[in-house]
Amino acid sequence: MKMSKLFVQTLREFPSDAEVVSHKMLGRAGFIKKLAPGVYTYMPLMWRVLKKVENIVREEMDRAGAQELLMPFVQPKELWEESGRWEVYGKELMRLKDRHDRDMCLGPTHEEIITAVTRDVLKSYKQLPVNLYQIQSKFRDEIRPRYGLLRGREFIMKDAYSFDIDEAGLDKEYQNMAQAYKKIFERCGLATKMVQSDSGAIGGSVSHEFMVITDTDAGENDVFYCNECDYSANSNHAISKLPPATVDGKEYFKEKKILDTPNTHSIEELSEFLKIPSTLILKSLIYIIDKKPVIALIRADKTVEETKLMNAAGGIDIRIATAGEIEELMQEKGFTAEAGFIGPNGMKGIKIIADETVYDMKNFVVGINQTDKHLVGANLEDVLTDEVIKADIRLVEAGEFCPECGKPLFVTKGIEVGNIFKLGTKYSKPMNAVYTDENGQTHPYIMGCYGIGISRTAAAAVEAHHDEHGIKWPLAIAPYQAVIVPVNILDKQQMEVAEKVYAELKSAGVEVVLDDRDERAGVKFKDADLIGFPYRITAGKTLSEGLVECKIRATDEVLKLTPAEAVKLVKEAVEKLEK
Ligand code: ATP
Ligand code: MG
């Protein structure tokens, strides 16, 4: 490819809406062009990268025994009603109507479709197990599309679905996919951590995410991990052992009584006023889960983890209540308390979920729905009724201890590039997707599903591999593996060497660009760094010694080599890539 012909325009500036490195660099280097929020054109350079990621994924999925198919992007409502998700999926599901007024949606994922496809085909235990996958555009009307390709509305995903006759078969396939995923990300040049996670809207019981660990803002997930054992989990799922704390207030409160606590709206104000540690305060918070108020109780020095709370309540949508909603609830229950004085008593008919930390507390302080008052010296029987649900709804914090080996936990940020779920019969049961066993009895398939964000993986590679000048593509997914830069295209000798190296690399199967533009060397070097070609071979001054310069972008090392040596270096690196 000649640079003068390459359909790319590098920009002087980063896109104005770009917050994270991959969005900035892919925009500025001309890889992506925004059409609407979260919707991008993959320009030729980007498309080459995406196809490489896709091919690695394809090769490893095929190797793992899965078979590729392609399902429609537009899906009918009826299947989503069968699974029960039409009502619950929420606004991320982009709904539309066809000319006959039939409800359709743009596929955000394909569990319904694959289950409908397989139930017509997989009828006997003899046909199982099967794993089917596709590489397809998805559409999710994300509430906050941002970070370029990391969280788009339209994006490319590989999604696979496995069908087994029993749990043991699913376990085996789950491990098989975990191994394939490890290989895929390694081949893409990405170090990933496999972490336990919540199963989210897709459902199912067990799931793991593959995280690219990054200390930048692009990591939207907090990952807790232990250095002593291999425990690691997304914060929405992590658990921990707590260090010892004062949870019995007997030194402070000789008896149970209602105390005036004026202006103590926050936990800090209350613990200061009472001169007690916050571990002696029971905090009551009001959330709205699936449009209904829910009260969460937790030891006040700890934080509620919303996904855990939502799961404990059996909901699919959660947010903290507004001041207005709290006021309304108080009125409904006959109270007048302001926020800060809320408590579980007298809240009949409202779901109350108490964190495990609550159950260790004695002689503590709790709100009683009266402004400027608290109950002190309270005990569990004073606040918890039979209807209260006990659950772990606590957000883990660094400094707490590993649930498995007791050593300290650490926290870091991660970008989720893939995940694997054990679905069980979540879709096969409601959709009546069954096979017949040896005795002629029917059973729903035991399913798993396995996703990889193709476009997110490419962007995550930029997050992981760049410097202030631009991208440092891993060789396996670089749009082109090398660029040849003649410093001055009017210099005959430089041009001759450049053309020769270019021809030799091309015939050796290397993907190479010749920068034949009549531009200053500085401009060409800048573009080469920005675009992130793994190798840059420069034909310039050093030709007087018979040498070219070979810059290795990953390390920015510059070698002086004969043209033949430079060709060999690049050719061998490309040959070494795993197939
Ligand atoms: P997230 O928690 O980041 O929203 P998810 O749990 O919704 O992800 P899945 O539904 O499991 O993701 O999709 C499988 C994979 O698709 C994810 O691991 C991720 O790599 C990718 N993915 C999901 N949402 C997006 C998006 N909006 N833009 C780009 N890639 C995405
Ligand atoms: Mg999502």
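Fair warning: this is a prediction, and the values are worked out from it, not measured in the lab. (Residues numbered from 1 in each chain as written. Chains lettered and ligands numbered in written order. Predicted model: local features only at pLDDT ≥ 70, side-chain atom pairs only at ≥ 80, totals over all residues. Heavy atoms only, no water.)

**Thoughts on the domain arrangement of the protein**
Domains assigned within the protein are domain 1 (45-239 + 411-463), domain 2 (257-391) and domain 3 (480-578). For domain 2 versus domain 3, the distance between C-alpha centres works out to 66 Å. (Domains from an automatic or database assignment.)

**Some thoughts on the site of ligand 1**
Taken together, 16 residues are adjacent to ligand 1, and Arg140, Arg151, Gly152, Glu416 and Asn419 come closest. In this structure, an oxygen atom belonging to ligand 1 sits 3.1 Å away from a main-chain N or O atom of Gly453. Arg456 places a side-chain nitrogen or oxygen 3.0 Å from an oxygen atom of ligand 1. For ligand 1, whose unbound accessible area comes to 580 Å², protein coverage reaches 86%. Counting residues per element, the shell around ligand 1 draws most heavily on strand S21 (residues 409-424), at five residues. A per-class count over the shell around ligand 1 returns seven nonpolar, four polar and five charged. (Near = heavy atom within 4 Å. Polar contact = N/O pair within 3.5 Å; in protein donor to acceptor, adjacent residues only side chain to side chain. Areas by Shrake-Rupley, 256 points an atom, 1.4 Å probe, with all protein chains shown as cover. Helix = DSSP H or I, 4+ residues; strand = E, 2+ residues; numbered from the N terminus. Nonpolar A, V, L, I, M, F, W, Y, C, P; charged D, E, K, R; others polar.)

**Notes on empty space enclosed by the protein**
Rolled over the atoms, a probe sized like a water molecule indicates the empty space that remains. The full count for this structure, using the stated rule, is one cavity of 30 Å³ or more. When its volume is computed, the largest cavity comes out at roughly 40 Å³. Lining of the largest cavity is provided by Ala528, Asp529, Phe533, Pro534, Tyr535, Arg536, Lys551 and Arg553. Mapped by element, the contributors of at least two residues to the lining of the largest cavity are helix H13 (521-531) and strand S29 (535-539). When the residues that make up the lining of the largest cavity are grouped by side-chain class, the tally is four nonpolar, no polar and four charged. (1 Å grid on protein atoms, 1.4 Å probe; cavity = no way out; pocket = protein on both sides within 12 Å on 5 of 7 lines; lining within 4 Å. Points joined across faces, edges and corners; volume = space filled by probe spheres on them.)

**What to know about the pattern of salt bridges**
Between side chains of opposite charge, pairing is possible as soon as their charged atoms come close. For the structure shown, the criterion picks out 46 salt bridges. Between Asp103 and Lys77 there is a salt bridge, and its shortest N-O distance comes to 3.3 Å. Note that Asp103 is positioned in strand S6 (residues 103-106) and Lys77 in helix H3 (residues 77-83), a separation of 26 residues in sequence. The pair formed by Asp103 and Lys77 is uniform in burial state, with each residue classed as buried. Between Asp248 and Lys250 there is a salt bridge; the shortest N-O distance is 3.8 Å. Of the residues examined, Lys250 reaches a relative accessible area of 55% and is grouped as exposed. Three or more residues joined by partner-sharing salt bridges are found here, namely Glu59, Glu60, Arg63, Lys183, Arg187 and Glu578. (Salt bridge = Lys/Arg side-chain N within 4 Å of Asp/Glu carboxyl O. Buried < 20%, exposed > 50% of the residue type's maximum accessible area, 1.4 Å probe, protein only.)

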